[in-house]
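# Residue-level structure breakdown
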Protein chains: 2
Amino acid sequence: MKYPNSNETYHKKISYANRGMKLEELINDANSYYIDNNIALIFKKPTPIGIVSVANKDKQKIITKAYFKEASTLDYNGVYKGQYIEFDAKETLSQTSFPLSNISVHQLKHIENIIQHKGIVFLVIKINNHFYLIGGKQIIDFVKSKKRKSIPIKYFQEHCININLKHNILDYIESLNLYLGGNYE
Amino acid sequence: MKYPNSNETYHKKISYANRGMKLEELINDANSYYIDNNIALIFKKPTPIGIVSVANKDKQKIITKAYFKEASTLDYNGVYKGQYIEFDAKETLSQTSFPLSNISVHQLKHIENIIQHKGIVFLVIKINNHFYLIGGKQIIDFVKSKKRKSIPIKYFQEHCININLKHNILDYIESLNLYLGGNYE
């Protein structure tokens, strides 16, 4: 895989060292790294909210009441080599399995829709201090065939691609390339 | 182009008749039509906001103060036949030209980034009661070479693809196919 870096114009310098290890921060840092190095263009979607009331203050509109909407899609999307990518990052405190209750019914439907439209869809799972990439089709197959309430850690170890943390960059695109070269439907 | 309709599971019935003619509504209706008919999966992004304060009320989190952030990307994105699509819809009251001030510097940079990552990026422009699809590259070329403050209607008429309104569906994907078959970079 070539990591071109031809577009110097928008190259920003960000220090990736000494940052927190929370999964969302790791993903955000990886996305910044991918943008800075022209590898992929992936963003966290804005939080979906329902606006109840807005006031005008000093000629600016201020939201004075709003509520958080339940997510019906995944948190991150963007473009990688022309292809549509959407994914979510989930961590579980359980060291033995990932509870499927972490994924809503709407999100499962959305994952199926993305697969149908030939987009790339996956989850980044942090379990027992390891990171795995599990494909959307793997999740759907698991939900449909196993009828279990959680994915055991053994499944990740045996059927999913590990994501390496290199110099604080959680390089999920490297794992995605392996996944796409393998059993991607 | 085939318009497959194999996935009956999530097929919803929506009446597209007797709806308003505002551009955003037309785009939202087209997107619903595309999802219902398994043509494309495209959504309006949530409005980007900055949350200032949150209160707990009846065990629910309520946003009590927030502000609207300036858009630095385009309003709609999604997947069409595996490809990444992002676009925005803009209308102008002027019947003779489209002011480039409608597109922010951040949005222009974002358009360039999408092109670099081989995503499909365009604007849907409503001018003088006609709808046109103008490609991201066309906009960037116009901004860079012409150094004008607006795009004259003649440019849309001569160099852009018309978008047809059929039974209240603004079929921009049909125009996109023509665009992609033509001078898409």
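These figures come from a predicted structure and were not determined experimentally.

Our focus in this paragraph is the packing of aromatic side chains. Residue and element names in this part refer to chain A. Counted by the stated rule, this structure contains 21 aromatic pairs over all chains. On the basis of an interplanar angle of 85° and a centroid distance of 5.2 Å, the ring pair of Tyr 34 and Tyr 172 is categorised as edge-to-face. A residue pair is termed long-range when its members are at least 10 positions apart, and Tyr 34 in helix α1 (residues 23–36) and Tyr 172 in helix α5 (residues 172–181) qualify at 138 residues. Pairwise contacts between aromatic rings join Tyr 33, Tyr 34, Tyr 76, Phe 87, Phe 122 and Tyr 172 into one cluster.

Soluble globular proteins tend to bury their nonpolar side chains together. A:Ile134, A:Ile151, A:Phe156, B:Ile103, B:Ile134, B:Ile151 and B:Phe156 are the most contacted members of the largest nonpolar core, which totals 50 residues. Non-local contacts of B:Phe156, meaning those with residues more than four positions away in its chain, are made with B:Phe98, B:Ile125, B:Ile127, B:Tyr132, B:Ile134 and B:Ile151. Judged by nonpolar contacts, the second largest core, of 26 residues, contains A:Tyr80, A:Ile120, A:Phe122 and A:Phe131.

All names here are of chain B. Structurally, the position occupied by Ile 134 is in strand β8 (residues 130–135). Judged by relative accessible area, which is 1%, Ile 134 ranks as buried. Between the alpha carbons of Ile 134 and Val 52 there is a distance of 37 Å; along the sequence they are 82 residues apart. When residues no more than four places from it in sequence are discounted, the contact partners of Ile 134 are Phe 122, Leu 123, Ile 125, Ile 139, Ile 151, Tyr 155, Phe 156 and Cys 160.

Residues and elements named next belong to chain B. As a packed pair, helix α1 (residues 23–36) and helix α5 (residues 172–181) sit with axes 10 Å apart at the nearest point and diverge in direction by 80°. Between α1 and α5, the angle is such that the two are roughly perpendicular. When α1 is examined against α5, the residues Ile 27, Ala 30, Asn 31 and Tyr 34 are found in contact with a partner set consisting of Tyr 172, Ile 173 and Glu 174.

The rules behind each value
Counting restarts for each chain, with residues numbered from 1 along the sequence as it is written. Whichever chain is written first becomes A and whichever ligand is written first becomes 1, with later ones labelled in order. Only residues with pLDDT of 70 or above have their local features reported here, since the model is predicted, and side-chain atom pairs are shown and tallied only from 80 upward, although totals for entire chains, interfaces and linings are computed over all residues. With hydrogens and water set aside, each side-chain value is computed from the structure's full complement of heavy atoms. Between the rings of Phe, Tyr and Trp (Trp by its six-membered ring), a pair exists once the centres lie within 6.5 Å; its type follows the angle of the planes, with under 30 degrees stacked, over 60 edge-to-face, and the other angles tilted. Working definition: helices are DSSP H or I runs of at least four residues, strands are E runs of at least two. Numbering for both runs from the N terminus. The term nonpolar core refers to a set of buried residues drawn from Ala, Val, Leu, Ile, Met, Phe, Trp, Tyr and Cys, joined through side-chain atoms within 4.5 Å. Whether a residue is buried, partly exposed or exposed follows from its accessible area with a 1.4 Å probe, protein chains only, as a fraction of its type maximum: under 20%, in between, or over 50%, in that order. The contact criterion used throughout is that any non-hydrogen atoms of two residues lie within 4.5 Å. Fitting a line to C-alpha atoms yields each axis, with helices limited to the stretch in contact; the angle taken between N-to-C directions then spans 0 to 180 degrees. Convention used here: angles under 35 degrees read as roughly parallel, angles over 145 as roughly antiparallel, angles from 65 to 115 as roughly perpendicular, and any remaining angle as oblique.

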